[in-house]
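Summary of structural features
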Amino acid sequence: MKLISCLVLVSFHLGIFAQSNFCGTSIHDEAKIIEDQKQYISSGNQDQATQYIPLKVHNVSNDNSIGFFAPWALFETLCTLNEDFAPSGIQFFLDNDFNYIRNTSWNDHEAFEKGEEMMEQSNFPNVVNCYLVTNPAGNCGYFTYSGDAVALGKNCLGKQSHTWAHELGHYFSLPHTFFGWEGIKYSNSKKTQDFQSQVFTSIENVERDFCKNQADRFCDTHPDYISNRWTCAPDGFSGNILRDTRDSTFRADGSLFMSYSNDDCMNRFSSDQMVAMEKNINGQRSYLKRTNVLPKFIEKTGIELHFPIDSQVVSTSKILISWEPKANAKYYIIQISRTENFTVVIKNLLLTNPYVEIDSLIQGKNYWWRVRAFSEFDFCGAESAPGIFKTKAIVNLENQFYDTELALIPNPASSFDRIQLDVNNLFTENLKVEIRNLNAQLISINTPEIIGSKQILQLNYMPDGVYIIHLSDKIHSIAKKLIIKNK
């Protein structure tokens, strides 16, 4: 769990004050959110089917490309986002690919104006624009009407984080549960009625007779006066006892995403909040609705790792790694680590094909790797079990160091060619050759012909394209691309 810092700006005729944590959405934008609720709360038609809403994710780094949010953690937090919104009937999907922005002043912006500049210059139309930055004006995140987008702090996102759900709650018309108390530190040593001159709106009471005109205007959310980040008790409510203007005691509800409770407390939107978001989508944000959406999901069975097979020794610092393609998968993420628990990840790559060439591996070391597959609708996806491979140590023979590489001669080749496999005598017997296409489908299994000191592979007919050729015996394994260009 990460503590989330946030700045809420509250301005009155007498001046401006700022204090609080978690979210930087301004109280004036929240007031406008509530006005929008009045306009659309009784309009629109409530669909029973799931609403699929397009999301445009802008991954922002410094000018030198340092600081992009890692893809593995990005999909983990997107998975949590859709799980958080699932009871509301709202689900998000990726509108085309991620947008990568290299701009230091946007990635680390201390002023909201710079963030709004980023949004105004970079927003895509008719989608929910979300910006992942290192510093969103000193906050964990914020929504702004001027930018019509949300900014999210990368250090506040992750599998256990609900920051994204909180900020999109604002985007879809929800104020804080403690609306009006932003920047005010509640204390039960002072009469609650005495805070009224500071609180931006009518203070909410335990009795619900005026709940539609108090605080967040929702009658199924408990009163809440806590505008700083707080940890809930085991039952999900605040440990502190609060007292309303009628002297009734209560505890704030930490289960609501729009509160300021810690991530391990939050788990829901209230029923009225979910209705308000649905009305917002059918009203003010009806441009987000998509017709004839055909969501694509991935079967949750594990992904088979094809190459290298488990515990194999690869005899090169550059290898072609491949795995089972999954139906409906648009994205794959591969992690390669020097440790079994993936605490030292050296490669964290987002791909669109079920293979990748990896170089700069250190000889004589163990490497662990795993793969996840995702679609533009399925952010949780499917995952492989971890695999392990080893790189062969560099051999010293008569003071000559060498690192075995696989050479295919010729390459490119044509159908029915005879290819010489030059592997520096690495494979001595029981050599098996597999040829697969780029979807990892097996094309052929061959045993090369040994002619003198050469190993020759006879090709069959193959259409023009790129293939992966695997050579393996009981100990070693090597893979390389083979290009077929028929004359």
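Please refer to the structure higher up on the page.
The model shown is predicted, which means the values in this text are computed figures rather than measured ones.

**Points about the side chain of Ser375**
Take Ser375: it is sitting in the loop between strand 19 (366–374) and strand 20 (382–383). Among the polar contacts listed, one links the side chain of Ser375 to the backbone nitrogen of Phe377, at a separation of 3.1 Å. Of note is the side chain of Ser375, whose polar atom sits 2.8 Å from the backbone nitrogen of Asp378. The residues contacting Ser375, other than those within four sequence positions of it, are Lys296, Phe297, Ile298, Asn328 and Lys330.

**Remarks on helix 4 (residues 112–122)**
By the burial criterion, the buried members of helix 4 are Phe112, Gly115, Met118, Met119 and Ser122. Projected down its long axis, helix 4 shows its buried positions confined to an angular sector of 120 degrees, all on one face. Residues Glu113, Glu120 and Gln121 are exposed on helix 4 and point more than 90 degrees away from its buried face.

**Things to note about the packing of aromatic side chains**
Under the definition given, this model contains 27 aromatic pairs. Measuring from centroid to centroid gives 4.9 Å for Phe85 and Phe269, while their planes differ by 55 degrees, and the two rings are tilted. In this pair, Phe85 is assigned in helix 2 (residues 71–85) and Phe269 in the loop between strand 12 (249–250) and helix 6 (271–282), connecting sequence segments 184 residues apart. Neither residue differs from the other here; Phe85 and Phe269 are each classed as buried. On the numbers, 5.2 Å between centres and 65 degrees between planes, the contact of Phe143 with Tyr145 is edge-to-face. As far as burial versus exposure is concerned, Phe143 and Tyr145 are alike and both buried. In this arrangement the basic side chain of Lys56 is found over the ring face of Phe124, its NZ or CZ atom lying 4.5 Å from the centre.

**Some remarks on the side chain of Ser238**
Within the secondary structure layout, Ser238 lies in the loop between helix 5 (163–171) and strand 11 (242–243). Judged by its relative accessible area of 1%, Ser238 falls in the buried class. There is a polar contact of 3.0 Å between the side chain of Ser238 and the backbone oxygen of Asn240. Not counting residues up to four positions away in its chain, the partners in contact with Ser238 are Ile226, Trp230, Arg251 and Ala252.

**A few points about unusual backbone geometry**
Only a minority of non-glycine residues have a phi that is not negative, and only a minority of peptide bonds are not trans. Looking along the chain, the bond that leaves Phe307 and enters Pro308 is cis, with omega of -5 degrees. With respect to the helices and strands, Pro308 occurs in the loop between strand 13 (305–307) and strand 14 (312–314). Each neighbour pair has its own omega, and for Ile409 with Pro410 the value is 0 degrees, a cis peptide bond. The phi dihedral of Ser65 falls on the positive side, at around 70 degrees, and the residue is not glycine. Structurally, Ser65 can be placed in the loop between strand 3 (51–61) and helix 2. Note on Ser65: relative accessible area 31%, which makes it partly exposed. The phi angle at Asp247 is positive, at roughly 70 degrees, despite the residue not being glycine. Mapped onto the secondary structure, Asp247 falls in the loop between strand 11 and strand 12.

**So, the pairing of strand 3**
Burial of strand 3 is extensive: 11 of the 11 residues sit out of reach of the surface. Here strand 3 shows no split at all, with Gln51, Ile53, Leu55, Val57, Asn59 and Ser61 on one side and Tyr52, Pro54, Lys56, His58 and Val60 on the other all buried. Where strand 3 meets strand 4 (residues 90–94), five bridges bridge the pair, whose relative direction is parallel. In the sheet register, Leu55 faces strand 4, and the bridge partner there is Leu94. A crossover connection joins strand 3 to the parallel strand 4 through helix 2; in handedness this β-α-β unit is right-handed. Strand direction decides the pairing type here: strand 3 and strand 7 (residues 128–133), joined by five bridges, are parallel.

How each quantity is defined
- Residues numbered from 1 in each chain as written.
- Predicted model: local features only at pLDDT ≥ 70, side-chain atom pairs only at ≥ 80, totals over all residues.
- Heavy atoms only, no water.
- Helix = DSSP H or I, 4+ residues; strand = E, 2+ residues; numbered from the N terminus.
- Polar contact = N/O pair within 3.5 Å; in protein donor to acceptor, adjacent residues only side chain to side chain.
- Contact = heavy atoms within 4.5 Å.
- Buried < 20%, exposed > 50% of the residue type's maximum accessible area, 1.4 Å probe, protein only.
- Arc of directions from axis to C-beta.
- Phe/Tyr/Trp six-rings, centres within 6.5 Å; stacked < 30°, edge-to-face > 60°.
- Lys NZ or Arg CZ within 6 Å of the ring centre and 35° of its normal.
- Pairing = 2+ DSSP bridges.
- Right-handed = clockwise from strand over helix to strand, strands pointing away.

Scope: geometric values only; no functional claims are made or implied.
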